[in-house]
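The chain contents come next:
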Amino acid sequence: MDDETADDQFTPRLRYYGAGDFATYWQIHRAAEVVEGFDPAAPPDEVNGILELHNARLFVEAGFIPKDVVEDDRKALVAAAQRIRRTVAQWFAALEDDNLADMLTETDWQYHEHLLDLLAGLGVFGRCSAAAMLTALDGANVHIGDMLTSKRLVENYGIAIRERLLAEPDRAELVARHHLEGGLKNGTILPASFTPADSRAIMESYIDSAKPNPNYLKLIADAPIDSKSGVDAKLVVKARRRYDAVVKDLFKTTPGIRTGCTVAISSTQAEPVTATLNDMVIEYTVSQTWLEDTLDFPSVLNNFQFLFEFAPQHGLLTLPAFVGERRGLELAIGMNGAKEYRAGHIFTAKDHATLLQTLMYQRYLGTKDIDLEEVLRWYFEEHLLAEYGIAGFMFSPSSPTANYLERCRNLFAEMESVATQFGLLVEDGEIDHDVAAAGAELVRYRTIPTDLEWSGWSDVGCVAVWGWGSSMG
């Protein structure tokens, strides 16, 4: 048989995708034809014919019947669908250990989901042995990942499934996705006998394997420490080191694309700041004249707000990762942990830019004997009182001799303190520092109260009370 003849005789199998899938609608007439042509006296004797009948029945029972079908024919289709239900049940009832392999081997890949549903729903898993069933599903090319979506399969064959998961290091990808990945369309089930120690062992084996997928290494490296998933600090560090090594080796042979940003100060530039794109690198240039003319404390903070665009409109931060910034391939490829901060290329560019801009500005101000932390202290302790009559805020800058680590520790503590003080101000109308100290705990920023009705700053938001000096126009 030549290719042309084979194509002429090929008929795509009918498959019900559900009410929300457009593919369901253009198959309605085909489904009606299959149901109408069903002969209970001569049902299909092979698995794909039975599964196609099952799919056709799903169309009719869900109400997907051509609009031009008259009422009597509609009733006939519904009655035929009921007969199909009995025929399908009888076919699966005849399955047993001795004939499973022969009966299921030729299952079309697109029917794997329906096959597992029927084997579970019609009790076949409950009466057939694990060895026979799993061998038959292997013969039908049903992947173990698909098997893990069937709760009854996993419950009936839990010990055998556990052994299969532990048999190959690459099965760790299934375990990692189950525990760590967010937004999965089809949930998976692990056997009750599969312990957190098993999860850790298989993931560690995967990290040490010859060719681990970098996506899964990063998924483990970014995972939260959790005894239920088997992820501990040592596993995270090991995954992170292997990920870095794999990426480094990758770029030894693959040129890749140079991305990032640069920040510079120009002694001749008239504009306060310019941004140009050089291939995939954003180059920011700041006017030295502008910086020298804005050395007072209000202007220093204004530069962060407007010059570097940290919060240019109504004091709303531009720095978070927004869902709308992730488009196209960023949404379709890659993997995200269940508790991972969802970011993309735009966020990465902002993150790099703000880090370099802050570092550049901190060093520049240092040449003018201006300490950024002193500017923040002035804002909370002096500016808020003078501008809005808000008294009681305290901010303690780091010691001038503090090293980088000491400064980081102090600033995190002061951030928490300011958030706590603001909460007390909103709730009580005043800041009681004894109460703030007594109730000191990790601040959850989502729970910080908001009060935008304070006289004199009704259009100013939360802790970031912007409003010093004049803007850049």
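Refer to the structure presented above.
The model shown is predicted, which means the values in this text are computed figures rather than measured ones.

Here's the deal with the side chain of serine 229
Logical step 1: With respect to the element layout, serine 229 can be found in the loop between α15 (214–221) and α16 (233–253).
Logical step 2: Within the structure, serine 229 has its side chain in polar contact with the backbone oxygen of aspartate 226 (distance 3.2 Å).
Logical step 3: Here serine 229 is in contact with His179, Leu180, Pro196, Ser199 and Met203, once residues within four sequence places are set aside.

Some remarks on the sheet that holds strand β3 (residues 280–287)
Logical step 1: Spatial ordering of the open sheet is given by β1-β3-β2, a layout of 3 strands whose pairing is mixed. Because the sheet does not close on itself, it has two edges, and the strands there are β1 (259–266) and β2 (273–278). Within the sheet, the average angular offset between the axes of one strand and its neighbour, ignoring direction, is 20°.
Logical step 2: Both β1 and β3 contribute to a ladder of 8 bridges, which runs parallel. Across the sheet, residue threonine 259 finds its bridge partner in β3, namely methionine 280.

Concerning helix α7 (residues 112–121)
Logical step 1: With 7 of its 10 residues buried, α7 lies for the most part within the structure.
Logical step 2: Within the sequence span of α7, burial applies to His112, His114, Leu115, Leu116, Leu118, Leu119 and Ala120.
Logical step 3: Of the residues flanking the end of α7, it is glycine 123, one or two places downstream, whose phi is positive at about 80°.

The rules behind these values
- Residues numbered from 1 in each chain as written.
- Predicted model: local features only at pLDDT ≥ 70, side-chain atom pairs only at ≥ 80, totals over all residues.
- Heavy atoms only, no water.
- Helix = DSSP H or I, 4+ residues; strand = E, 2+ residues; numbered from the N terminus.
- Polar contact = N/O pair within 3.5 Å; in protein donor to acceptor, adjacent residues only side chain to side chain.
- Contact = heavy atoms within 4.5 Å.
- Pairing = 2+ DSSP bridges.
- Axes fitted to C-alpha atoms, helices over the stretch in contact; angles between N-to-C directions.
- Buried < 20%, exposed > 50% of the residue type's maximum accessible area, 1.4 Å probe, protein only.

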